[in-house]
Amino acid sequence: KSRCTEYLKIRLYQHCTFSFTLITENIVFVEQYCYRYRAERNDLPVIKYHSGSQPYSQLDFSINVIWDYALAAEQDNMVGTTEAIWNSKILNIYRTDQRYQSGQRQLESIRNSHSQETIDILAVTAKFYVSEPLVKSLEIKGKNGTKEYKKVRIAIINPISQAAILRAIADSSPPEEIKQELEEWSWERHNSTKLFADVYRTITYIQDCNNLGGKFHLRLYSSHSSCAFLRTDEAIFLEQYFYGRGRTYQEGLVLGKEYPIFEFQECKDTYSSDLTEQRLIKSHFNVIWTAYSIPFEEYLEKDHQKEFERNLSSLKVELAG
């Protein structure tokens, strides 16, 4: 091996031209690959180009690009992305500039969901999900031709919880000012935030929809949720939450919409299937739904300012210094 490494270098490509290529300083041989029927011989020819020709130049440039982006064979811990994406059953990854496509795909997935299956939604305020397009996608025809709705479980943040206080401050402050903002935070400032208003808008909207026959079940969680997600019977959409920002702070621009949204295929769970990610995401929602949240009707009965003051006071003591 030590003798070979003096003149032989190996890299592992992740993308390439669909052909076998052998190139020297004077000549290049190319054989087109194809998914062929093995019972028949390969009739595709090997083509030879000489240096100085345009095909030689193009192939030489292509080889160099492939080499530059390939992984060194010695990098044993570099596993690439293909196998992980395939085994995790990731269908799409939507970056910031593909938010529109993500939204349309989520609505499509809701429309395609079977009428008897429950749709699960976890979000901070679920503002996107309590909109006219989404409600339209939930409509189904009843047995007598009447309008009915698919069942939906929505978990949103309890707006007076410690998690909501921290999120509202990070929403409305540059990262370097968050510590000072926490010291000066108050009930008056909190209930005028966009987060607080959007939570109440969601509660009101769901109440109105349910009065018209909707099947929304709404709970308010107090935990520090690490993500937002939508689950239908054909897909799971997951977005990681962060307190930080990838862009410069702008007044009125809340957190979110910067980290990619991952779309996983939702599959029937069998013992033989490797569905670790899907099981984990669904388990996360169930823990929040059953243990870390309360029905919104119960929340409405609380003394909101008193509970907020208690939570804020506790945070200031814990984070003092």
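Residues numbered from 1 in each chain as written. Predicted model: local features only at pLDDT ≥ 70, side-chain atom pairs only at ≥ 80, totals over all residues. Heavy atoms only, no water.

**A look at the packing of helix H5 (residues 162-171) against helix H11 (residues 304-318)**
Their axes nearest at 9 Å, the elements H5 and H11 cross at an angle of 70°. Taken together, the axes of H5 and H11 are roughly perpendicular relative to one another. Residue-level inspection shows Gln-162, Ile-165 and Leu-166 of H5 in contact with H11, the latter providing Phe-308, Asn-311, Leu-312, Ser-314, Leu-315 and Glu-318. (Axes fitted to C-alpha atoms, helices over the stretch in contact; angles between N-to-C directions. Helix = DSSP H or I, 4+ residues; strand = E, 2+ residues; numbered from the N terminus. Parallel < 35°, antiparallel > 145°, perpendicular 65-115°, else oblique. Contact = heavy atoms within 4.5 Å.)

**Regarding the pairing of strand E3 (residues 27-32)**
Summarising the sheet, strand E2 (residues 19-23) and E3 pair through five bridges and their orientation is antiparallel. Note that in E3 the partner of Ile-23 across the bridge is Val-28. Connecting E2 to the antiparallel partner E3 that follows it, the hairpin turn spans three residues. Of the strand pairs in this sheet, E3 and strand E4 (residues 46-50) are connected by five bridges, and their pairing is antiparallel. Looking across to E4, one finds that Ile-27 is bridged to His-50. (Pairing = 2+ DSSP bridges.)

**A look at the sheet that holds strand E13 (residues 235-240)**
With mixed pairing, the eight strands of this open sheet are ordered in space as E6-E14-E13-E12-E7-E10-E11-E15. Of all strands in the sheet, those bounded by a partner on one side alone are strand E6 (90-94) and strand E15 (293-295). Going from strand to strand, the sheet's axes swing by 20° on average, the running direction of each strand aside. Relative to strand E12 (residues 227-231), strand E7 (residues 119-122) runs antiparallel, the two sharing three bridges. For Asp-120, the partnering residue across the bridge sits in E12 and is Arg-231. Strands in contact with helix H3 (residues 99-112) are E6, E7, E12, E13 and strand E14 (261-265); relative to E13, the strand with the most contacts, it is inclined by about 145°. Helix-sheet contacts for helix H9 (residues 276-290) involve E7, strand E10 (151-157), strand E11 (215-221), E12, E13, E14 and E15, and the interaxial angle to E10 is about 70°.

**Section: unusual backbone geometry**
Note: most residues except glycine have negative phi, and most peptide bonds are trans. If you check the backbone angles, Lys-89 has positive phi at about 60° while not being a glycine. Looking at where Lys-89 falls in the secondary structure, it is placed in the loop between helix H2 (82-88) and E6. A relative accessible area of 26% places Lys-89 in the partly exposed class. (Buried < 20%, exposed > 50% of the residue type's maximum accessible area, 1.4 Å probe, protein only.)

**Re the nonpolar core**
Grouped together as the largest cluster of nonpolar side chains are 61 residues, with contacts concentrated most on Leu-122, Leu-138, Ile-154, Ile-157, Phe-216 and Leu-218. Those residues in contact with Ile-157 that lie beyond four places of it in its chain are Ala-123, Val-124, Ala-163, Ala-164, Leu-195, Val-199, Leu-220 and Tyr-221. (Core = buried A, V, L, I, M, F, W, Y, C linked by side-chain atoms within 4.5 Å.)

**Looking at the sheet that holds E4**
Taken in spatial order, the three strands line up as E2-E3-E4 in an open sheet, and their pairing is antiparallel. The two strands at the open ends of the sheet, each matched to only one other strand, are E2 and E4. The mean inter-strand angle of the sheet, taken between neighbouring strand axes irrespective of direction, is 15°.

**Focus on the packing of aromatic side chains**
Under the definition given, this model contains nine aromatic pairs. Look at Trp-187 and Phe-308: their rings are 5.3 Å apart centre to centre, the planes differ by 55°, and that puts the pair in the tilted class. Of the two residues, Trp-187 is situated in helix H7 (residues 187-190) and Phe-308 in helix H11; the sequence distance between them amounts to 121 residues. Classification of Phe-308 as buried rests on a relative accessible area of 0%. Taken together, a centroid distance of 5.5 Å and an interplanar angle of 85° make the contact between Phe-229 and Phe-285 edge-to-face. Of the two residues, Phe-229 sits in strand E12 while Phe-285 sits in helix H9, which places them 56 residues apart along the sequence. Taking relative accessible area as the criterion, Phe-285 reaches 0% and is therefore assigned buried. (Phe/Tyr/Trp six-rings, centres within 6.5 Å; stacked < 30°, edge-to-face > 60°.)

**Quick notes on H11**
Between its terminal C-alpha atoms H11 stretches 21 Å, which fits the 21 Å expected from 15 residues at 1.5 Å a residue. Restricting attention to buried positions, one finds in H11 the residues His-304, Glu-307, Phe-308, Asn-311, Leu-312 and Leu-315. The arc that holds every buried residue of H11, seen down its axis, measures 130°, which confines them to one face. Within H11, the exposed residues directed more than 90 degrees away from the buried face are Lys-306, Arg-310 and Val-317. Where H11 is buried, its residues touch H5, helix H6 (178-184), H7, helix H8 (194-211) and helix H10 (296-300). (Expected span 1.5 Å × (residues − 1). Arc of directions from axis to C-beta.)

**Here's the deal with the pattern of salt bridges**
Inspection of every chain in the model, using the stated rule, returns 14 salt bridges. A salt bridge links Arg-105 to Glu-108, with the shortest nitrogen-to-oxygen separation between them at 3.0 Å. Of this pair, Arg-105 and Glu-108 both sit in helix H3, three residues apart, which is roughly one turn of that helix. You can call Glu-108 partly exposed: its relative accessible area is 35%. Where Glu-181 meets Arg-189, a salt bridge forms, and the shortest distance between an N and an O atom there is 2.3 Å. Residue classification places Glu-181 among the buried residues on the basis of a relative accessible area of 13%. Note on Arg-189: relative accessible area 31%, which makes it partly exposed. Several salt bridges share partner residues, and in doing so they unite Asp-120, Arg-153, Arg-231, Glu-266 and Lys-282 into one network. (Salt bridge = Lys/Arg side-chain N within 4 Å of Asp/Glu carboxyl O.)

Structural measurements only, silent on function.
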